[in-house]
Amino acid sequence: MAMAALRREGRRFTPLISPNPIAAVRSSIMPAEEQVPLGVRSISTQIVRNRMKSVKSIQKITKAMKMVAASKLRAIQSKAENSRGLWQPFTALLGDTPSVEVKKDALHKLTAGPDKETKYVILGEKAKAQLIRDSKKDIVLNITELQKNPLNYSQVSVIADDILKNVEFDALRVVFNKFQSVVAYLPTVSTVLSPEVVEKECEAGGKLGDLDSYEVEGGETKSEILQNLAEFQFSCVMFNAVLENACSEQGARMSAMDSSSRNAGEMLDRLTLSYNRTRQASITTELIEIISGASALEG
Amino acid sequence: MASNAAVPFWRAAGMTYITYSNICASMVRNCLKEPYKTEAISREKVHFSVSKWADGKPERPTVRTDQPE
């Protein structure tokens, strides 16, 4: 019964096959046994196999990159978390007051929203690529190649020193990604006021009115101390910002590489499925041909 | 009060507090004994390149580094 069905199938296929021009041409050259068109007997699995190979190697690469990011993240995360202790006392003393009105802003890293008179100092390439589009007139400094050595305070403080010497400001706002977890980081603005502004605010009795209750010891005046403090605060805030940002970057890279290697895995599964299916189909077709041929000889 | 009015010597030399404290820090690092000394000194490597911008165009970057190329 099954044989009969197969035979009928085979017969039904013959007229479909013969009009094929390639088969017709081939049939005139080739011997009689190979009159089957190319596509039916041997479906080419070459392309799928190549694709699978490349997806597999991409997956290997992304996995390796994920590992690298994870190990870098671990090193830098502890550093970043330790460095938070550097700016917290400053926030307790001087406060982080983004609401204080100032005229000249200097911003670091990327930021949005036009301010009164904003100048940008950019660390790294990413923010540069963005800011160069709409506000390249306002860029003052651009610092790159930070991460050649592992990040350390000396380097960041030298950078902070450069910025302080080159940029006039009433307030420095450091914009960076604060590391929360591997997949979450908050865009953060830290404000460092210039000593003059701090003093003015202090006298006006605004948000920094408490500062008057501190006693100044030693032979320095209050404004001198405030200037030293502001400079040191800026370098500390910068140090923390740079670390947090590097940490966020590694975290983002790690999660991106993780999802891309998972994606490659899924893709590989799909490709394997279709590869096996095609192979199976060609085997089945061959079997059908052989059996139907044999039974045609019998009958 | 006369000494109060005078600027600290390092500020008179054109340094900021950061530079001053960095110099002090490297002094302290140099006072350490081995093997802590090399470890601490490895933490004061500086390498970056700065380029100033004028009229929306970057000028030639200057590399600041303390290591031989």
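If you check an unreviewed UniProt entry, chain B appears there as ATP synthase subunit epsilon, mitochondrial from Rubus argutus. UniProt, in its Sequence similarities (unreviewed entry) section for chain B, records the words "Belongs to the eukaryotic ATPase epsilon family." Of chain B, the UniProt comment under Subunit (unreviewed entry) reads exactly: "F-type ATPases have 2 components, CF(1) - the catalytic core - and CF(0) - the membrane proton channel. CF(1) has five subunits: alpha(3), beta(3), gamma(1), delta(1), epsilon(1). CF(0) has three main subunits: a, b and c."

Per an unreviewed UniProt entry, the recorded name for chain A is ATP synthase subunit gamma, mitochondrial, and the organism is Rubus argutus. Note on chain A: under the UniProt heading Sequence similarities (unreviewed entry), the record states "Belongs to the ATPase gamma chain family." According to UniProt, the comment filed for chain A under the heading Subcellular location (unreviewed entry) is "Membrane".

## Section: the overall build of chain B
Broken down by element type, chain B carries 4 helices and 3 strands. Helices (α) and strands (β) of chain B occur, in sequence order from the N terminus, as α-α-α-α-β-β-β. Expressed as a percentage of its 69 residues, the buried residues of chain B come to 28%. A sequence separation of at least 24 residues applies to 0% of the contacts in chain B between residues at least 6 apart. About 4900 Å² of surface is accessible on chain B, with carbon and sulfur atoms providing 60% of the total.

## Here we look at the pattern of salt bridges
All names here are of chain A. This structure, assessed with the given rule, holds 4 salt bridges over all chains. R253 is paired through a salt bridge with E249; the nearest N and O atoms lie 3.1 Å apart. One end of the pair, R253, and the other, E249, are both in helix α8 (residues 222–298), 4 residues apart, so they sit about a helical turn from each other. Exposure remark for R253: the relative accessible area of 33% places this residue in the partly exposed category. Each member of the salt-bridge network shares a partner with another, and the members are K66, D258 and R262.

## Describing unusual backbone geometry
Going from B:E34 to B:P35, the amide bond is cis rather than trans, its omega being 0°. In this structure, B:P35 sits in the loop between α3 (17–30) and α4 (36–41).

## Things to note about the confidence of the model for chain B
Residues and elements named next belong to chain B. Within chain B, residue pLDDT values average 77, and 84% of them lie at 70 or more. Summarising per-element confidence for chain B, the mean pLDDT is lowest in helix α1 (residues 2–5) (44) and highest in α3 (87). Overall, residues 1–5 carries pLDDT values under 50, and its contacts beyond four positions in sequence, including any with other chains, amount to 5 contacts.

## Concerning a nonpolar patch on the surface
A contiguous nonpolar patch, built from B:I23, B:M27 and B:V28 and spanning about 300 Å² of accessible area, is present on the exposed surface. Its location among the elements puts B:V28 in helix α3.

## A few points about the environment of B:T65
All names here are of chain B. With respect to the element layout, T65 can be found in strand β3 (residues 62–65). Separated by 19 residues in sequence, T65 and V46 have C-alpha atoms that sit 5.4 Å apart. Those residues in contact with T65 that lie beyond four places of it in its chain are V46 and H47.

## Description of the interface of chain B and chain A
On the chain A side, the residues contacting the 30 residues of chain B number 36 residues. Summing the contributions of chain B and of chain A, the shared interface buries around 2800 Å²; its carbon and sulfur component is 50%. On the chain B side of the contact with chain A, B:I18, B:H47 and B:W53 bury the most area, a combined 25% of that side's loss. Counting across the chain B and chain A interface gives 0 salt bridges. Taken together, chain B and chain A are joined by 6 residue pairs in polar contact (both at pLDDT 80 or more).

## Details of the packing of helix α6 (residues 153–166) of chain A against α8(A)
All names here are of chain A. Where α6 contacts α8, the two axes come as close as 9 Å, and the packing angle between them is 125°. In this view, α6 runs oblique relative to α8, as classed from their interaxial angle. Considering only the axes of α6 and α8, their crossing is right-handed. Of the residues in α8, those touching α6 at Y153, V156, S157, I159, A160, I163 and L164 are E231, F232, F234, S235, C236, M238, F239 and V242. A per-class count over the contact of α6 with α8 returns 12 nonpolar, 2 polar and 1 charged.

## Some words on the pairing of strand β4 (residues 171–179) of chain A
All names here are of chain A. Among the 9 residues in β4, 8 count as buried, and that is most of the element. By the bridge criterion, 9 bridges tie β4 to strand β5 (residues 185–193) in an arrangement that is antiparallel. The residue of β5 that forms the bridge with A171 is L193. Hairpin geometry of β4 and β5 is characterised by an intervening segment of 5 residues between the two adjacent antiparallel strands.

Definitions and limits used
Residues numbered from 1 in each chain as written. Chains lettered and ligands numbered in written order. Predicted model: local features only at pLDDT ≥ 70, side-chain atom pairs only at ≥ 80, totals over all residues. Heavy atoms only, no water. UniProt positions renumbered as here; feature names shortened; annotations may be inferred. Helix = DSSP H or I, 4+ residues; strand = E, 2+ residues; numbered from the N terminus. Buried < 20%, exposed > 50% of the residue type's maximum accessible area, 1.4 Å probe, protein only. Contact = heavy atoms within 4.5 Å. Areas by Shrake-Rupley, 256 points an atom, 1.4 Å probe, with all protein chains shown as cover. Salt bridge = Lys/Arg side-chain N within 4 Å of Asp/Glu carboxyl O. pLDDT = per-residue confidence, 0-100. Patch = residues over 30% accessible without salt bridge, like charges linked within 9 Å, V, L, I, M, F, W, Y side chains within 5 Å. Buried area = accessible area lost by both parts, 1.4 Å probe. Polar contact = N/O pair within 3.5 Å; in protein donor to acceptor, adjacent residues only side chain to side chain. Axes fitted to C-alpha atoms, helices over the stretch in contact; angles between N-to-C directions. Parallel < 35°, antiparallel > 145°, perpendicular 65-115°, else oblique. Left-handed = near helix turned anticlockwise from the far one by under 90°. Nonpolar A, V, L, I, M, F, W, Y, C, P; charged D, E, K, R; others polar. Pairing = 2+ DSSP bridges.

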